[in-house]
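Residue-level listing of the chains:
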Amino acid sequence: MIPMLFFRIHPILIGAAVIPAVILMLYIYRSDRLEREPVGLLVKLALLGVLATVFAMIGEKLGFFLLRGLNQSSAAYQLLMNFLVVGLCEEGFKFLLLRGSTWNNPNFNCRYDGVVYAVFLSLGFALWENISYVFAFGLSAAMIRAVTAIPGHAAFGVFMGAWYGQAKAQERAGNLPRCRFCRRMALLVPVAIHGLYDYIALRETDGDTAALFIVFIAVVFVAAFWTLKRMAKLDRFL
């Protein structure tokens, strides 16, 4: 835990770490046009996102240990680490906490609710992760992460929530095979995108790789924004 004295001494760092995630949370909350979710539930989801960082850290340490015999510069190591260790741990624990806290919640009565829930949990994760990075590396890290990692986690949450909301709609329609398929996709799609995000970001930062990363995140952010707007526009009560 970060000592309270640290918060008092560095209010600018705290603000730089927290404000981008809070702005995105407010945007998502206001985009729910049919029936806005209870604030208490959304706060709970953000806190569960913080808890997910703890579980993910433990899982990633275990993954590092299991892969210790591989050459860290090899493609096999990079793929396993970014997709199966980091991507699966972070998105997997988000998904488990999301499903455990919202699947049977009576407020989950619209497909778009799945997006709201997943993004709030993802941004809780991103917010706490961002605090640790900003205190370690300063304002420069806050500026970079404000346009990469924070909206990145929000985008992963949009894709997770879109499939998650569709899964709930299929359950209500009595189509259980389709419901199970959508729940699996709610995990696998963000894992794949998150893994690819990290894989590209952690390659050697030559000009071509940097350009590829910029193009990749631009495509991901545009796709997430389009998905968000479309689901909000077409939302219906289940």
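About the thresholds
Residues numbered from 1 in each chain as written. Predicted model: local features only at pLDDT ≥ 70, side-chain atom pairs only at ≥ 80, totals over all residues. Heavy atoms only, no water. Helix = DSSP H or I, 4+ residues; strand = E, 2+ residues; numbered from the N terminus. Rg over C-alpha atoms; globule rule 2.2 N^0.38 Å. Buried < 20%, exposed > 50% of the residue type's maximum accessible area, 1.4 Å probe, protein only. Phe/Tyr/Trp six-rings, centres within 6.5 Å; stacked < 30°, edge-to-face > 60°. Lys NZ or Arg CZ within 6 Å of the ring centre and 35° of its normal. Polar contact = N/O pair within 3.5 Å; in protein donor to acceptor, adjacent residues only side chain to side chain. Contact = heavy atoms within 4.5 Å.

On to the overall build of the protein chain. Counting its secondary structure elements, the protein chain contains nine helices and zero strands. The N-to-C order of helical and strand elements in the protein chain reads α-α-α-α-α-α-α-α-α. Relative to the compact-globule value of 18 Å for 238 residues, the protein chain shows a C-alpha radius of gyration of 18 Å, a close match. Here the protein chain holds 238 residues, and the buried ones make up 49% of them.

The next thing to look at is the environment of valine 215. Assignment of secondary structure puts valine 215 in helix 9 (residues 207-233). The spatial distance from the C-alpha of valine 215 to the C-alpha of isoleucine 58 is 32 Å, given a sequence separation of 157 residues.

With that settled, consider the packing of aromatic side chains. Here the structure, examined in full by the defined rule, presents ten aromatic pairs. With a centroid separation of 5.9 Å and 85° between ring planes, the pair formed by phenylalanine 156 and tyrosine 197 is classed as edge-to-face. With phenylalanine 156 in helix 7 (residues 149-172) and tyrosine 197 in helix 8 (residues 176-201), the pair connects residues that are 41 residues apart, well separated along the chain. Ring geometry for tyrosine 197 and phenylalanine 213: centres 5.2 Å apart, planes at 70°, overall edge-to-face. Here phenylalanine 213 lies in helix 9 and tyrosine 197 lies in helix 8, a separation of 16 residues in the sequence. A single burial state applies to tyrosine 197 and to phenylalanine 213, both of which are buried. An aromatic cluster is present here, built from Phe95, Trp103, Phe108, Tyr117 and Tyr164 joined pairwise through their rings. Here the guanidinium or amino end of lysine 168 rests over the ring plane of tryptophan 103, the centre of that ring lying 4.2 Å away.

This paragraph deals with the environment of isoleucine 131. When you line up the elements, isoleucine 131 lands in helix 5 (residues 111-137). Spatially, the C-alpha atoms of isoleucine 131 and alanine 76 are 31 Å apart, while their sequence positions differ by 55 residues.

Another aspect to go through is the side chain of arginine 145. By secondary structure assignment, the location of arginine 145 is in helix 6 (residues 139-147). Engagement of the side chain of arginine 145 in a polar contact is seen with the side chain of glutamate 129, the distance being 2.9 Å. Non-local contacts of arginine 145, meaning those with residues more than four positions away in its chain, are made with Ala126, Glu129, Asn130, Tyr133, Ile150 and Pro151.

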